[in-house]
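Given next are the chains, with one letter for each unit.
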Amino acid sequence: MNKNKRFIEEYWSVFLVGLFMICTMIFVAVRKDTIYVHINDLLDSNIMWSKVKRNVILSGRYGKAHVPFLRGDVSLDRLLKISLSPADWIYCLLPPFYAYVFCFYARIVISILGWVFMAKNILSEDQITKNFNTVFFCGFLYGIIPTWPVGSGTFGFAILPWILTDFVLIYKTGKWKYCFGVILIPFWAGLSLFGIFICGYALIFMAFDAIKNKRINVKILFSFILLCSTYLLLEYEKIIQVTAKSTIYDNIKRGKTLTLKEFLGTFISLFKNGRYHSGDCHSYVVFPVCIIGIIIINILHIKKKDSIKSILSDTPNVLFLGIIFSVFIDTLWSDNTVVDIICRFFPLLKGLNLSRTLWFTPFAWYLCFFILIIRLKNHYFSHLADVLCLCAFGAICLMGESNSLNVMYNDISTNLEFALHECITGEKPDRLTWRETYSEDLFENIKKEINYKGEWAIAFGFQPAILNYSGINTLDGYYSGYSKEYKEQFAKLIRPYLEADLENADYFNTSGIRAYVFSDEADYSQSGRYFDTAACDMLIDADIFRDMGGKYVFSRVPISNFKQLKFQFIKCFVDDNSPYKMYVYCIDDTDEN
């Protein structure tokens, strides 16, 4: 009995993580694609892209097809090309839903293994044995934080412990095998989201080290050049596109001009909560532990009369300063006036989004938390340290978009909340499941009934990606890198809406990443189950619609001015397994000429 109790005490983290994996796998196996997944930057874009790419490959049209949105803008053809990224291959081999689930668990495993690998190089063997549960569980915590789970975010966050450890080993050992390890980084972490910042941080460290030691570390320099060269080789096409300034990304305004009060408020909010893609649930447990821990550490440093150099080089302080720097850069990039001034002096920065420095703060927060927990255990507060780890786990399970605006992609808390809602009330929440969002059966039936043959369409009152997922081509779409020429053309299509200066007009003019047929009454962002289906006008130029090759309009509401636009109403389609009432219209050929 005592032996079993001791075994559980030594490996409680493994049992708990195993229980989590088994329970969530059973949940997914039972519900399948009726789980709830956030739509923004997932179901409305990246997941659809992967489905389209997979369909192109399976149909034998690889290298020949154009994207089925934004009228097949040729600047986006690279979205249909298979990269060497493991995430890309997983989504090409598996159907999107199963690929998404597989990547969720793969990310956890990669994070745990990365944390163990990192711990082995910063802790002694004795410390590893003594703190095994902390190492294993903190790796698990980092693996389940709800950061952006697709694209480069699929594994980009998870491999940061591996990247840091590799550079530490290069610096400490100088062994060539670790230098060549950087070649793997671009395959797991994309250039625009992670790579450019990894290269930037490596360059800053190399310059700092050269000034400090009055010599350049040759192995770090070699690794830096090798890393940059690999990124250049793998993402040459994307680099050329950005530097050519031919896409709308070059003209996107980052935000309004901030007052000092707004600037400080933004900084504090980002520092405490993170934001959107980098929302990591650190606010309620990890944040206070880190703040209190750093204060105590520095009080002890001052009592010992340690030098400023010694204080600043203490790992928690280094991480804390890194977080402040990253948050400061993100806050700067939230002010469009500041961005314009910076880009006048450094024109190449115009095509970059430096606010993504914030994406590195989740790793910094959880690494700082891990180090402080280890120190707490070293001072005989082992049980308190374990309780704090469990509290951090609880915070991740409970923090979601319904109680935190800065956490968007927490599938754990979202499904816990809505599954409980269904069990208690017997009713479905005002939120669509994966299957309901795409409603493939509904759109397949529509395609058969209207004899759809690939004609161009637009979505009204919902996301165009839902049509693209079912093989319907659209003039509208969502992407930050399509051509300026197409934005100008699309602006002519929705000119009546833009001239009315309604809610989304400024959003399109200053950004344009969503080239949608906007409506303030039937807003695309109202993606819940209970949708106001009152009729409303669709503000477009019907002649431009025809000139662009458009034929169909798929609408979630009745269009009251369809006759003035010279459209024919075909039918309102419904399906027992779909929440949509889909009103379908087409151009009235009898009124042409």
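The structure reproduced in this document is the subject of the present report. These numbers come from a predicted model, not from an experiment. (Residues numbered from 1 in each chain as written. Predicted model: local features only at pLDDT ≥ 70, side-chain atom pairs only at ≥ 80, totals over all residues. Heavy atoms only, no water.)

Regarding the environment of Phe263
Summarising the element assignment, Phe263 is placed in helix 16 (residues 260–273). For Phe263, a relative accessible area of 15% corresponds to the buried category. For Phe263 and Asp335, which are 72 residues apart along the polypeptide, the C-alpha to C-alpha distance reads 8.2 Å. Those residues in contact with Phe263 that lie beyond four places of it in its chain are Leu258, Phe328, Thr331 and Leu332. (Helix = DSSP H or I, 4+ residues; strand = E, 2+ residues; numbered from the N terminus. Buried < 20%, exposed > 50% of the residue type's maximum accessible area, 1.4 Å probe, protein only. Contact = heavy atoms within 4.5 Å.)

Section: unusual backbone geometry
The phi dihedral of Lys32 is positive, around 55 degrees, even though this residue is not glycine. Residue position: Lys32 is located in the loop between helix 2 (12–31) and helix 3 (39–43). Of note in this structure, Lys214 is not a glycine but carries a positive phi near 60 degrees. We classify Lys214 as exposed; its relative accessible area is 76%.

Observations concerning the sheet that holds strand 1 (residues 456–460)
What the five strands build is an open sheet, ordered 2-1-5-7-6; its pairing is mixed. On the outer flanks of this sheet lie strand 2 (473–474) and strand 6 (567–573), each paired with one strand and no other. Sheet topology note: the strand 5 (residues 550–555)/strand 7 (residues 582–587) ladder contains four bridges and is antiparallel. The partner of Tyr552 across the bridge, within strand 7, is Cys586. (Pairing = 2+ DSSP bridges.)

With respect to the side chain of Thr474
Its location among the elements puts Thr474 in strand 2. Sequence-distant contacts of Thr474, defined by excluding residues within four places in its chain, comprise Pro68, Phe69, Leu70, Arg71, Trp456, Ala457, Pro464, Leu467 and Asn468.

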